[in-house]
Amino acid sequence: MGAVGGLGCLASPAVLLGTVVVVIILGGLGVLLYPLIVLIQLFGGGGTEPAIEAKKVVEVLQGDGKGELDPAQVPADLLESIKAAGALCEAIGPVVVAAQLDRESGFDPNKVGPEGEEGISQLAPAVFTQFGEDDDDNGKVSAFDAADSIMAQGRHLCALAGEVQGLVDSGQAIGTVLDLTLAAYNTNVEAVRQAGGIPAVNRTTGYVVSIRAMFAKYEGIGAPPPSFPPTTPPATPTPTPTAPSSPDPTPSPNASP
């Protein structure tokens, strides 16, 4: 019955019109997001409340990533760092930062990527050297300190946003500043300039879509609280000393054979 309801929702003129509008608004990304939008509408077609929830997901999918972050969706000890990084500039928000952390490392601060990327934000060492600071005030700057890595991620995103804004203003690139910033994060600003927008390669277009697809999750729309890897290395257990075993008693010379 739910599947029939979903198909009915998809077939309605209002929903079809809404889908067309989404594709037009998102331009080049619309083609990539279309299957995702269809699945959302099918999922939400079985009743009034699911349909409303699906509508919210689609709205957030198209949004700017500046919605309110649901604290339950991120590790508690990283919440303040994610909020702080998302507040560094107007182009991004904490939802964007959280979605990237999920995509890059699954919130694993000890991850090392296949091309040498390090830490929870998976920044290249040269990028972290440029943007990393001692944000957790522990006396060292390390890509494997989650707070240092997340704040470096935010600074890097803001720097990229400033550069792609210049490309948009000068007519050298077409697209939203957020999408172009995410594309530049995945490749580089020069690739965005040469493409005149999001580079038409699967890795980059897929990256932008995957980040947008998680906006609803990190705004707490239809997402159960997840589980996370530990954000600090597990403590090495201290072995419990054991008493030495007593030697076998020496037989008494008076013992019977």
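These figures come from a predicted structure and were not determined experimentally. (Residues numbered from 1 in each chain as written. Predicted model: local features only at pLDDT ≥ 70, side-chain atom pairs only at ≥ 80, totals over all residues. Heavy atoms only, no water.)

Examining the packing of helix α6 (residues 94-105) against helix α9 (residues 177-186)
Running from N to C, α6 and α9 point in directions that differ by 30°, and their axes come no closer than 13 Å. Comparing the axis directions of α6 and α9 gives the class roughly parallel. Our pair here, α6 against α9, has a crossing hand that is right-handed. Seen from α6, the contacting residues are V96, Q100 and E104; seen from α9, they are L178, L182 and Y185. In the contact of α6 with α9, the residues fall into 4 nonpolar, 1 polar and 1 charged. (Axes fitted to C-alpha atoms, helices over the stretch in contact; angles between N-to-C directions. Helix = DSSP H or I, 4+ residues; strand = E, 2+ residues; numbered from the N terminus. Parallel < 35°, antiparallel > 145°, perpendicular 65-115°, else oblique. Left-handed = near helix turned anticlockwise from the far one by under 90°. Contact = heavy atoms within 4.5 Å. Nonpolar A, V, L, I, M, F, W, Y, C, P; charged D, E, K, R; others polar.)

Section: the confidence of the model for the protein
In the predicted model, the protein carries a mean pLDDT of 78, and the fraction of residues at 70 or more is 65%. Confidence over residues 37-48 falls short of pLDDT 50; this stretch has 23 contacts with residues more than four positions distant or in other chains. (pLDDT = per-residue confidence, 0-100.)

What to know about helix α11 (residues 202-213)
Its 12 residues place the ends of α11 16 Å apart at the C-alpha level, agreeing with the 16 Å of an ideal helix rising 1.5 Å per residue. Burial in α11 covers these residues: T204, T205, Y207, V208, V209, S210, I211 and R212. (Expected span 1.5 Å × (residues − 1). Buried < 20%, exposed > 50% of the residue type's maximum accessible area, 1.4 Å probe, protein only.)

Topic: the state of the cysteines
Per the counting criterion, the structure on display carries 1 disulfide. Each sulfur in the disulfide pair C89 and C158 lies 2.1 Å from the other. Taking the torsion about the S-S bond as the criterion, the C89 to C158 disulfide, at about -90°, is left-handed. With C89 in the loop between α5 (79-86) and α6 and C158 in helix α8 (residues 146-169), this residue pair connects regions lying 69 residues apart in the sequence. In this structure C158 comes out as buried when scored by relative accessible area, which is 18%. (Disulfide = S-S within 2.5 Å.)

A word on the environment of N188
Following the sequence through the fold, N188 ends up in the loop between α9 and α10 (189-195). Exposure remark for N188: the relative accessible area of 38% places this residue in the partly exposed category. Put simply, N188 and P199 are 11 residues apart on the chain and 10.0 Å apart in space, counted from C-alpha to C-alpha. Here the side chain of N188 touches E190 through a polar contact of 3.2 Å, landing on its backbone nitrogen. Within the structure, N188 has its side chain in polar contact with the backbone nitrogen of A191 (distance 2.7 Å). (Polar contact = N/O pair within 3.5 Å; in protein donor to acceptor, adjacent residues only side chain to side chain.)

Focus: the nonpolar core
Core analysis: the biggest nonpolar cluster contains 49 residues, and I82 and Y218 have the highest contact counts within it. Ranked by residues supplied to this core, first place goes to α8 with 10 residues. With near-sequence residues (within four places) excluded, Y218 lies in contact with E68, L69, D70, Q73, V74, V95, A98, A99, D102 and F107. (Core = buried A, V, L, I, M, F, W, Y, C linked by side-chain atoms within 4.5 Å.)

Points about the packing of α6 against α11
For the pair α6 and α11, the least separation of the axes is 9 Å and the interaxial angle reads 125°. With respect to their mutual orientation, α6 and α11 come out oblique. Considering how the two elements wind past one another, α6 and α11 form a crossing that is right-handed. Between α6 and α11, the contacting residues are A99, Q100, R103 and E104 on the first element and Y207, S210 and I211 on the second. Looking at side-chain class alone, the contact of α6 with α11 contains 3 nonpolar, 2 polar and 2 charged residues.

With respect to the pattern of salt bridges
Per the stated rule, a full pass over the model turns up 5 salt bridges. Put simply, R155 and E133 hold a salt bridge, and the shortest N to O gap is 3.3 Å. With R155 in helix α8 and E133 in the loop between α7 (125-131) and α8, this residue pair connects regions lying 22 residues apart in the sequence. Looking at E133, the relative accessible area reads 41%, which means it is partly exposed. Between D135 and R155 there is a salt bridge, with its nearest N and O atoms 2.7 Å apart. In this pair, D135 sits in the loop between α7 and α8 while R155 sits in helix α8, placing the two residues 20 residues apart along the sequence. Beyond isolated ion pairs, a larger network of salt bridges with shared partners links E133, D135 and R155. (Salt bridge = Lys/Arg side-chain N within 4 Å of Asp/Glu carboxyl O.)

Notes on the packing of aromatic side chains
Using the criterion set out here, one finds 2 aromatic pairs in the structure. Centroid distance F107 to Y218: 6.3 Å. Interplanar angle 55°. Geometry classified as tilted. Placement of the pair is F107 in the loop between α6 and α7 and Y218 in helix α12 (residues 215-218), with a sequence separation of 111 residues. Residues F107 and Y218 agree in their burial class; the two are buried. Summarising the aromatic geometry, the rings of Y185 and Y207 are spaced 6.5 Å apart at their centres and angled 5° between planes, so their arrangement reads as stacked. Residue Y185 is located in helix α9, and its partner Y207 is located in helix α11; the two are separated by 22 residues in the primary sequence. The same class applies to Y185 as to Y207, namely buried. (Phe/Tyr/Trp six-rings, centres within 6.5 Å; stacked < 30°, edge-to-face > 60°.)

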